[in-house]
Amino acid sequence: MARSIAALARDHGVSRGAIRTAVADLLPDHTAVEKDAPAPELPVTLDMPGKVADFLHAADLEPAERAALDQGVTVRRGQGYTLRVSTTPAVHRQLLARCQPLDGDQGLPAVPAQRKARREYENRVSTLTPWP
């Protein structure tokens, strides 16, 4: 869901210039020029189960997807781990779509632990802004 600069400024009690400055600082390549232009998606941090991260590391990814994975921070969880990934909701959705084979479709056998890990990541991604 795209929000305008003006709407964000009203919601947070700051000026439109403050929103533009924050966006420019966080995303230097994406500056909102128009007064009511939609604000770009800001990065969000989600924990990706290690089984999903392992699958995606071996997959053919777009540069933005690969960068998000490569910049992820490994967090040990007992015998496994999660990868703390900070990127835009759109890239999280792209990564989720890429790990669809873990559900056992597309001719690959389903591994229950991988399917559970993919669903866990799907649940986290689904809490983000509504799908376009």
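Just so you know, these numbers come straight off a predicted model, no measurement behind them.

The rules behind each value
- Residues numbered from 1 in each chain as written.
- Predicted model: local features only at pLDDT ≥ 70, side-chain atom pairs only at ≥ 80, totals over all residues.
- Heavy atoms only, no water.
- Salt bridge = Lys/Arg side-chain N within 4 Å of Asp/Glu carboxyl O.
- Helix = DSSP H or I, 4+ residues; strand = E, 2+ residues; numbered from the N terminus.
- Buried < 20%, exposed > 50% of the residue type's maximum accessible area, 1.4 Å probe, protein only.
- Pairing = 2+ DSSP bridges.
- Axes fitted to C-alpha atoms, helices over the stretch in contact; angles between N-to-C directions.
- Contact = heavy atoms within 4.5 Å.

(A) Fine view of the pattern of salt bridges. If you walk through the whole model with that rule in mind, you get five salt bridges. Note that R98 and E65 form a salt bridge whose closest N and O atoms lie 2.7 Å from each other. Taken together, the residues span a long stretch of sequence, with R98 in helix α5 (residues 89–98) and E65 in helix α4 (residues 63–70) at a distance of 33 residues. Among the residues examined, R98 registers a relative accessible area of 30% and is labelled partly exposed. Counted as one network, the salt bridges with shared partners bring together E62, E65 and R98.

(B) Highlighting the sheet that holds strand β3 (residues 80–87). One open sheet holds the three strands; their spatial order is β1-β3-β2, and the pairing between them is antiparallel. Both edges of this open sheet fall to β1 (44–49) and β2 (73–77), since each of them pairs with a single strand only. In this sheet, neighbouring strand axes are inclined to one another by 30° on average, regardless of whether the strands run parallel or antiparallel. Of the pairings in the sheet, the one linking β2 to β3 comprises five bridges and is antiparallel in character. Residue pairing for β3: V75 is matched across the bridge by T82. In the packing of helix α3 (residues 50–57) onto the sheet, the strands contacted are β1 and β3, and the crossing angle to β1 comes to about 90°.

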